[in-house]
Amino acid sequence: MRIAVLVKQVPDSDDVQMDETTGTMVREGVGAIINPLDLNALEAALDLKRNRGALVSVFSMGPPRTEEALREALSLGADEAHLVSDKAFAGGDTWATALTLAAALRKTGPWDMILAGEKATDGETGQVGPETAALLDVPCSTYVSEMEMGDDSVMVTRSVEDGLERQRLPLPCLLTVLRSLNEPSMPTLSGKKRGRRAKLPVMNADSLDISPEGAGLKGSATRVVKVFYPSLTRDGARYSGKDLDEGVNRLVEELQSRALIQRGERS
Amino acid sequence: MTFGSANGPLLILGEVRGGVISGVTWELTGKARQLADEVDREVVLLLMSNGFKNDPAGDGYRGADRVIDVRHPSLDLFNQEVQAKVLLEVLRNEQPSMVLAPATSSGRTVMPIAAAGAKTGLTADCTWLEIEAETGLLLQTRPAIGGNVMATIRTPDHLPQMATVRPRTFAPPEPDPDRKADVEKPLLPDECFESRVEALGFTPHEEDAVNIQDMDVVVAGGKGLQKAESFSMLRELAALLKGGVGASRVAVDNRWIGYPHQVGLSGKVVAPRVYIAAGISGSVQHMAGMQTSEYVVAINKDPEAPIFKTADLALCGDLFDIVPRIIAAVRRAKEEVR
């Protein structure tokens, strides 16, 4: 079977600045990692490869430095990696990103399964997966915490707010996964060597036949109009040392005033 | 084919689970009512179900002018493909200007499928919505990059303007049985209810895994607890207050407590009446998950801990000393005879 894994390179901390004119993230000069949930998606693909044989191909859209993430995926055991990169792709919203990824997947397909993390730690939208599935007209499931492969279908467990949902999807399909799905493996020394040496084909707007107006910031349906820093300040009363008992009493009063402690109640 | 128009109604994708309308649905109808009044539009509520446990008409649908009540056996268990098809069909019929859905596991799955089908934009996880006076467009504000910044987003040239809204962001209006909404039960093409996805079953979480988002009191612990066993102290306090136990990402990553307890941008967003944070320094990521709580109590030995800035009551000292004192004080208060 042929499996495509979508990965995103994300900043390795929350300490990222925004470009106030475009409202997009400034990624230069910040350490970058593979989005952690995408590693669970990759592990699921590698697991299928180990158990029943599969070609695992990794795709990532981003600037040229995204190559690092793809080489890391190769060192973990992916068979091939595609860098989807073009200046015209920069600054895209989830819709424009899904359009571009769908074009890349169509060009290299057909795929039996497409896997991705449920969301990325930077944008946290979780939208690119389902949008890509809709554009490719394949069924998709999200929040996948367990999967069991059948012959031409896959059983999944979705871990949602109030419980566990079980679904069966035919192949081909797209799944976005949670970290409870598996434990991502570490790269081996030989894997690292392979990752460094592998060829990385680049797909750009030309090779994907995407007009610059239909991708990136220009092709986006949404526009960031403003970014601002939230104010979190409350600066309430502070108690320490010998005043702590007074602080504790204050808390009890606040709870009582909200009827959260019922007097005379046995406990 | 178009799926929206600039002067169309505001459409709310309601959430129905197990025949019960989720509370977040009313948070959205309430906010939509307020927005719709500013631009003189209708609020249309779409409910997809296989029937309701209680008649939902009793409370006046809290702000909706019209209700589109779609019932079908294929909507009994959550099926993203059926819901997305029905939503698209309703978009074709209603041509709304804006579509709002809860940013829950279901809304966050159905909306992107439908938005891509309608070739329009979608903003995830909004925490504020308003109408831009000059343009009448929906301004969609959401946290970005771990809650470090807020971004306000517009969908200028695509319709409908679509957004998912984080639960517990807007207060639901009170039920008003005197208010009447027109309830329509449209006959949709059979094709809408056919799905490649087969929904096989649902296992609800057990009682003790209660959702901390529904609690009036959340007692949360972080790195300062140092080990899994320390959480028993927080469980004791939470039980006394009929509340739930929350945790920071560090505590969950260290496996001191399970992921359903995680509060923060990568966990749950809670807004209890009282939030007690013990041994949590207050990363932006954590605070994004609790900053709208009514009253915040922080317990930390580091006087510089950022959480103190967002706390209404700061108890600076050793949590292993302070938490037992709180437990004792709450017990005393409970045992006092009137």
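Residue numbers here run from 1 along each chain, matching the order of that chain's written sequence. Starting at A for chains and at 1 for ligands, labels are handed out in the order in which the entities are written. The model is predicted, so local features are restricted to residues of pLDDT at least 70 and side-chain atom pairs to those at 80 or more, both for listing and for counting; the totals for chains, interfaces and linings are taken over all residues. Only hydrogens and water are set aside; all other atoms, that is, all heavy atoms of the structure, feed into the side-chain values.

Draft legend 1. Geometry of the overall build of chain A. Only DSSP runs of H or I with at least four residues qualify as helices, and only runs of E with at least two residues qualify as strands; both kinds are numbered from the N terminus onward. The number of helices and strands found in chain A is seven helices and 15 strands. Computation of the radius of gyration draws on C-alpha atoms alone. For the globule rule, the value is 2.2 Å times the number of residues to the power 0.38. For a compact globule of 267 residues, the expected C-alpha radius of gyration is about 18 Å, and chain A comes in at 23 Å, more than 25% above that figure. With a 1.4 Å probe rolled over the protein chains alone, any residue whose accessible area is under 20% of its type maximum counts as buried; one over 50% counts as exposed, and the rest are partly exposed. Out of the 267 residues belonging to chain A, those deemed buried represent 50%. Contacts: residue pairs with any heavy atoms within 4.5 Å of one another. Long-range contacts, defined here as pairs at least 24 residues apart, represent 71% of the contacts in chain A between residues at least 6 apart. In short, Shrake-Rupley with a 1.4 Å probe defines the accessible areas, and a residue's cover is counted only from the protein chains shown. For chain A, the accessible surface area stands at approximately 12200 Å², while carbon and sulfur atoms represent 50% of it. For the charge count, each Lys or Arg is scored as positive and each Asp or Glu as negative, with His and the chain ends excluded. Taken as the charge location is NZ of Lys, CZ of Arg, CG of Asp or CD of Glu. The average position of the 32 basic charges and that of the 40 acidic charges among the side chains of chain A differ by 4 Å.

Draft legend 2. Just the nonpolar core, in detail. To define a nonpolar core, start from buried Ala, Val, Leu, Ile, Met, Phe, Trp, Tyr and Cys residues and group those joined through side-chain atoms within 4.5 Å. Within the largest apolar cluster, 54 residues are counted, with the highest numbers of intra-cluster contacts made by A:F59, B:L46, B:V70, B:V86 and B:L87. Tallying contributions element by element places helix α2 (residues 80-94) of chain B first for this core, with seven residues. With residues near it in sequence (within four places) discarded, B:V86 still touches B:M48, B:V70, B:L188, B:C192 and B:F193. B:L237, B:V245, B:Y295 and B:L313 belong to the second largest nonpolar core, which has 40 residues in total.

Draft legend 3. Structural view of the domain arrangement of chain B. Throughout, the edges of the domains are those of an automatic or database domain assignment. Looking at chain B, the domain boundaries give domain 1 (10-193) and domain 2 (206-337). Between the C-alpha centres of domain 1 of chain B and domain 2 of chain B there is a distance of 32 Å.

Draft legend 4. Molecular detail of the confidence of the model for chain B. Averaged over chain B, the pLDDT score is 92; the fraction of residues at 70 or greater is 97%. Confidence estimates for the predicted assembly give a pTM of 0.84 and an ipTM of 0.88. Confidence of the prediction at every residue is given by pLDDT, a number between 0 and 100.

Draft legend 5. The arrangement of the sheet that holds strand β15 (residues 237-240) of chain A in detail. Two strands are said to pair when DSSP picks up at least two bridges between them. In spatial order, the strands read β15(A)-β18(B)-β17(B)-β16(B)-β14(B)-β15(B); together these six strands make up an open sheet with parallel pairing. Strands with a single pairing partner mark the edges of an open sheet, and in this sheet they are β15 of chain A together with β15 (244-247) of chain B. When strand polarity is set aside, the average angle formed by the axes of neighbouring strands in this sheet is 20 degrees. Axis lines are fitted to C-alpha atoms, over the contacting stretch for helices. Their N-to-C directions set the angle, which ranges from 0 to 180 degrees. Packing of helix α4 (residues 231-240) of chain B onto the sheet brings it into contact with β14 (217-221), β15 and β16 (274-278) of chain B, and relative to β15(B) it is tilted by some 140 degrees.

Draft legend 6. Main features of the packing of α4(B) against helix α7 (residues 319-335) of chain B. All names here are of chain B. In the contact formed by α4 and α7, the axes pass within 10 Å of each other and the chain directions differ by 25 degrees. Considering their axes alone, α4 and α7 lie roughly parallel with respect to each other. Like other packed secondary-structure pairs, α4 and α7 cross with a definite hand, here left-handed. Residues M233, L234, E236, L237 and L240 of α4 pack against L319, F320, V323, P324, I326, I327, V330, R331 and K334 of α7. When residues are sorted by character, Ala, Val, Leu, Ile, Met, Phe, Trp, Tyr, Cys and Pro go into the nonpolar class, Asp, Glu, Lys and Arg into the charged class, and all the rest, Gly among them, into the polar class. Tallied by class, residues from the contact of α4 with α7 come to 11 nonpolar, no polar and three charged. Throughout this description, any angle smaller than 35 degrees is read as roughly parallel, any larger than 145 degrees as roughly antiparallel, any in the 65 to 115 degree range as roughly perpendicular, and the remainder as oblique. Crossings are classed by handedness, with left-handed meaning an anticlockwise turn of the near helix from the far one by less than a right angle and right-handed meaning a clockwise turn.

Draft legend 7. Expanded view of the sheet that holds strand β13 (residues 198-204) of chain B. The strand order β13(A)-β7(A)-β6(A)-β1(A)-β8(A)-β12(A)-β9(A)-β10(A)-β11(A)-β13(B) describes an open sheet built from 10 strands, whose pairing is mixed. Each edge of the open sheet carries a strand with a single partner, namely β13 (202-203) of chain A together with β13 of chain B.

Draft legend 8. Layout of the pairing of strand β6 (residues 55-61) of chain A. Residue and element names in this part refer to chain A. Where burial is concerned, most of β6 is hidden: six out of the seven residues are buried. Here strand β1 (residues 2-6) runs beside β6; their pairing, made up of five bridges, is parallel. Across the sheet, residue A4 finds its bridge partner in β6, namely S57. Summarising the sheet, β6 and strand β7 (residues 80-84) pair through five bridges and their orientation is parallel. Across the sheet, residue S60 finds its bridge partner in β7, namely L83. Traced from β6 through helix α2 (residues 67-76) to β7, the parallel crossover comes out right-handed. With the strands aimed away from the viewer, a crossover counts as right-handed if its path from the first strand over the helix to the second runs clockwise.

Draft legend 9. The interface of chain B and chain A, seen in detail. Every contact between the two is made by 92 residues of chain B and, on the other side, 80 residues of chain A. Around 7600 Å² of area is buried between chain B and chain A when both sides are counted, 54% of it from carbon and sulfur atoms. A salt bridge links B:E294 to A:R258; the nearest nitrogen and oxygen atoms lie 2.7 Å apart. Pairing of N or O atoms within 3.5 Å defines a polar contact, subject to two protein rules: one partner must be a possible hydrogen donor and the other a possible acceptor, and residues neighboring in sequence count only if both atoms are side-chain atoms. At the junction of chain B with chain A, the criterion picks out 34 residue pairs in polar contact (both at pLDDT 80 or more). Among the elements that take part in the side of chain B that touches chain A, α7(B) stands out by supplying 10 residues, more than any other. Per-class residue counts for the side of chain B that touches chain A are 43 nonpolar, 25 polar and 24 charged. Put simply, buried area is how much 1.4 Å-probe accessible surface two parts lose in total, over both of them, once they are put together. Whenever a carboxyl oxygen of Asp or Glu lies within 4 Å of a side-chain nitrogen of Lys or Arg, that contact is scored as a salt bridge.

Draft legend 10. Just the pattern of salt bridges, in detail. According to the stated counting rule, one finds 34 salt bridges over all chains in the structure shown. With a shortest N-O distance of 3.3 Å, A:D137 and B:R196 are connected by a salt bridge. A residue pair is termed interchain when its members come from two chains, as with A:D137 in the loop between α4 (128-136) and β9 (140-149) and B:R196 in the loop between β12 (182-184) and β13. Look at A:D137 and you get exposed, because its relative accessible area is 54%. Salt-bridge contacts for B:R33 lead to B:D37; the nearest nitrogen and oxygen are separated by 2.9 Å. Placement of the pair is B:R33 and B:D37 together in helix α1 (residues 23-39), with a separation of four residues, close to one helical turn. Judged by its relative accessible area of 17%, B:R33 falls in the buried class. Residue B:D37 is classed as exposed on the basis of its relative accessible area, which comes to 51%. Each of A:R250, A:E254, A:R258, B:R273 and B:E294 takes part in salt bridges that share partners, so that together they form one network.

Draft legend 11. Summary view of helix α7 (residues 244-257) of chain A. Compared with the 20 Å implied by 1.5 Å per residue over 14 residues, the 20 Å span of α7(A) between its first and last C-alpha is a close match. Those residues of α7(A) lying buried are A:L244, A:G247, A:V248, A:L251, A:V252, A:E254 and A:L255. Down the axis, α7(A) shows its buried residues gathered within 160 degrees of arc, on one side only. In α7(A), the exposed positions angled more than 90 degrees off the buried face are occupied by A:E253 and A:S257. Looking at the buried side of α7(A), the elements it contacts are β15 of chain A together with β16, β17 (295-300), β18 (313-316) and α7 of chain B. A:A259 lies just past α7(A) and shows a positive phi near 60 degrees. The length a helix should cover is 1.5 Å for every residue beyond the first. The directions considered for the arc are those from the helix axis to the C-beta atoms.

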